[in-house]
Amino acid sequence: MAPNAVPLNRPVQVSRTVRLLRSVTPASSLSPSSFLLRRSETAFPRLSSSDLWISGTGISAKRNILVSTSRSFEQASTGEDQSTRIQEKRFDLLKILRGANSVIPHIVLGSTVLALVYPPSFTWFTTRYYAPALGFLMFAVGVNSSPKDFIEAIKRPDVIAAGYLGQFFIKPLLGFLFGTITVSVFKLPTSLGAGIMLVSCVSGAQLSNYATFLTDPSMAPLSIVMTSISTATAVLVTPTLSYLLIGKKLPVDVKGMMSSITQIVVAPIAAGLLLNRFLPKVCSALQPFLPPLSVFVTALCVGSPLAINIKAVLSPFGVSIVLLLFGFHLLAFILGFGLAGVWFSKSADVKALQRTVSYETGMQSSLLALALANRFFQDPLVGVPPAISVVLMSLMGFALVMIWSKKREE
């Protein structure tokens, strides 16, 4: 014991009083100082009354304990905040990558303008790259799907029939209407009217599957099944429709078309499904990077046909063809949406079905029409409407993606 120091017995009474108050006072009603006192006592042994002296040494020690304890709490909370911020930054990066799909309409518009202003930026992306590019988009859909989704899609033959009706009945009627208007009203060359009719005779576009995936992911397998069936039967339907509408039966290569279906649709989707099933960690690592890559590939698929056919697009009749094809695609989207609304009015997912059938009706494989025009028609003007259709179809389809996605979020 230090000289001239007198033991203080009151703290014993005070500590007993504090313990009594603690037993009857809820933690939420304690003041910040009392809460800090409790936390400090759990981290450090309580000082007895013999350790606390009037000389002030004990009081200083107590204050030092409280200050050091509060600093340790502050440092701990600061460390937690820093780790939380790092995690938030990482999460934000992944969120940005996964949300890249939301800018597709703007990217498609930008690629259209760039192709018009500086065609060499896209002319290097020739037609031989179209199949691998579309296959990559199908792979992205497959990675985010499961076999159960496709099994459930096959169980809805009524929806598949609606999409097929929109693809090979509504659209050819519109093609005949606008092709006739092109020649009789606008007095344009017959070959341009034939080009519009040819666009209406081909199967559904793989881009419609990707648009459906962006708007209603659960409907993507259904859209893929519809497009696959229309593409598989196009080997018979497209030549027949072209003969009825244009007066020329196209000798479509059956083996070549079936091979393209396998390469563009079946194989990439199967690869994505297998990767998701057997290598989930690899799949999870790839998923954040697929959206920005898909945006880039989509921009190339839109800008390339426009850049390659820029002279025909900018010709005197180019504006008229743009207006006619805009009306053609607009009515196709509207009629497909209305058809599904009437057909599935009592379904719980009627809105999603309307959007899916609308994409399937309004978007078709204009790249296939362009290939057929270049191969089987001597007049190069026949290929102008398919080239313009690729751009308009993509712009309008992904504009609907942006509109409908926002409505779903609201």
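A.B. asks: Please clarify how a nonpolar patch on the surface should be interpreted in this entry.
C.D. replies: On the surface, a nonpolar cluster with roughly 680 Å² of combined accessible area is contributed by Leu109, Val113, Leu114, Leu116, Val117, Tyr118 and Leu314. Mapped onto the secondary structure, Val117 falls in helix H4 (residues 104–117).

A.B. asks: Whenever I open this one, the side chain of Ser294 confuses me. Can you help?
C.D. replies: With respect to the secondary-structure elements, Ser294 resides in helix H14 (residues 290–308). At 3.4 Å, the side chain of Ser294 forms a polar contact with the side chain of Tyr210. Excluding anything up to four places from it in sequence, Ser294 contacts Phe136, Leu137, Ala140 and Tyr210.

A.B. asks: Help me understand the pattern of salt bridges, please; the structure alone is not making it clear to me.
C.D. replies: One side chain can pair with another of opposite charge once the charged atoms of both are near each other. For the structure on display, the rule yields three salt bridges. Between Asp349 and Arg156 there is a salt bridge whose closest N-O contact spans 2.9 Å. Of this pair, Asp349 sits in the loop between helix H16 (318–343) and helix H17 (350–362) while Arg156 sits in the loop between helix H7 (147–154) and helix H8 (157–184), and the two are 193 residues apart along the sequence. Classification of Asp349 as partly exposed rests on a relative accessible area of 24%. Arg156 gets classed as partly exposed once you look at its relative accessible area, which sits at 24%.

A.B. asks: Just to check I follow, could you spell out unusual backbone geometry for this structure?
C.D. replies: What is expected of a backbone is that most residues other than glycine have negative phi and most peptide bonds are trans. Even without a glycine there, the phi angle at Lys187 is positive, about 60°. Secondary-structure assignment places Lys187 in the loop between H8 and helix H9 (190–201).

A.B. asks: Teacher, can you tell me more about the packing of H16 against H17 here?
C.D. replies: Between H16 and H17, the shortest axis-to-axis distance is 7 Å and the interhelical angle comes to 145°. Along this stretch, H16 crosses H17, giving a crossing that reads as right-handed. Between H16, through His329, Ala332, Phe333, Gly336, Phe337, Ala340 and Gly341, and H17, the contact on the second element is made entirely by Val350, Leu353, Gln354, Arg355, Val357, Ser358, Tyr359, Thr361 and Gly362. Across the contact of H16 with H17, the residue classes break down as eight nonpolar, seven polar and one charged.

A.B. asks: Please clarify how the packing of aromatic side chains should be interpreted in this entry.
C.D. replies: Aromatic ring pairs are defined here through the distance separating the ring centres and the angle between the ring planes. In total, this model carries eight aromatic pairs according to the counting rule given. Here Tyr164 and Phe168 contribute two aromatic rings whose centre-to-centre distance is 5.2 Å and whose plane-to-plane angle is 70°, an arrangement assigned as edge-to-face. With a gap of four residues between them, Tyr164 and Phe168 both fall in helix H8, about one helical turn apart. Judged by relative accessible area, which is 10%, Phe168 ranks as buried. Centre to centre, the rings of Phe178 and Phe328 are 6.3 Å apart; their planes meet at 80°, and the pair counts as edge-to-face. Of this pair, Phe178 sits in helix H8 while Phe328 sits in helix H16, placing them 150 residues apart in sequence. The pair formed by Phe178 and Phe328 is uniform in burial state, with each residue classed as buried. Chaining the aromatic ring pairs together yields one cluster made of Trp124, Phe125 and Tyr129.

A.B. asks: Can you walk me through the environment of Leu368 in this structure?
C.D. replies: Considering the arrangement of structural elements, one finds Leu368 in helix H18 (residues 366–376). Residue Leu368 is classed as partly exposed on the basis of its relative accessible area, which comes to 21%. For the pair Leu368 and Val202, spaced 166 residues apart in the sequence, the C-alpha separation amounts to 7.0 Å.

A.B. asks: Help me understand the packing of helix H10 (residues 206–215) against helix H11 (residues 220–245) in this model?
C.D. replies: The description of two packed helices rests on the angle between their axes and on the distance between the axes. With their axes 8 Å apart at the nearest point, H10 and H11 run at an angle of 170° to one another. In terms of axis orientation, H10 runs roughly antiparallel to H11. Contacts from Gln206, Ser208, Asn209, Thr212 and Phe213 of H10 reach H11 at Ala220, Ser223, Ile224, Thr227 and Thr231. Tallied by class, residues from the contact of H10 with H11 come to three nonpolar, seven polar and no charged.

So, how was this worked out
- Note on numbering: residues in each chain are counted from 1, in written sequence order.
- Whole-chain, interface and lining totals are the exception, using all residues; otherwise, since this is a predicted model, local features are given only for residues with pLDDT of at least 70 and side-chain atom pairs are given and counted only at 80 or more.
- With hydrogens and water excluded, all non-hydrogen atoms of the structure serve as input to the side-chain values.
- Distance thresholds for patches are 9 Å for like charges and 5 Å for nonpolar side chains (Val, Leu, Ile, Met, Phe, Trp, Tyr), applied to residues having over 30% relative accessible area and no salt bridge.
- Each accessible area value is a Shrake-Rupley result obtained with a 1.4 Å probe; residue values ignore everything except the protein chains displayed when judging cover.
- Any Lys or Arg side-chain nitrogen found within 4 Å of a carboxyl oxygen on Asp or Glu counts as a salt bridge.
- Helix and strand definitions follow DSSP, with helices as H or I runs of at least four residues and strands as E runs of at least two, each counted in order from the N terminus.
- By the criterion applied in these results, polar contacts are pairs of N or O atoms within 3.5 Å in which, for protein atoms, one can donate a hydrogen and the other can accept it, and in which residues neighboring in sequence qualify only through two side-chain atoms.
- A contact between two residues is defined here by any heavy atoms of the two lying within 4.5 Å.
- Each residue is assigned to one of three classes by its accessible area relative to the maximum for its type, calculated with a 1.4 Å probe on protein chains only: buried under 20%, partly exposed between the two thresholds, exposed over 50%.
- Axis lines are fitted through C-alpha atoms, for helices just across the contact stretch, and the angle between N-to-C directions can take any value from 0 to 180 degrees.
- It is the rotation of the near helix from the far one that decides the hand of a crossing: anticlockwise by less than a right angle makes it left-handed, clockwise makes it right-handed.
- Only Asp, Glu, Lys and Arg are considered charged, only Ala, Val, Leu, Ile, Met, Phe, Trp, Tyr, Cys and Pro nonpolar, and every remaining residue, Gly among them, polar.
- Here is the rule: rings of Phe, Tyr and Trp (six-membered ring for Trp) pair when centre to centre is within 6.5 Å. Planes less than 30 degrees apart are stacked, more than 60 are edge-to-face, and the remainder are tilted.
- Should an angle fall under 35 degrees it is taken as roughly parallel, and over 145 as roughly antiparallel, whereas 65 to 115 is taken as roughly perpendicular and any remaining angle as oblique.

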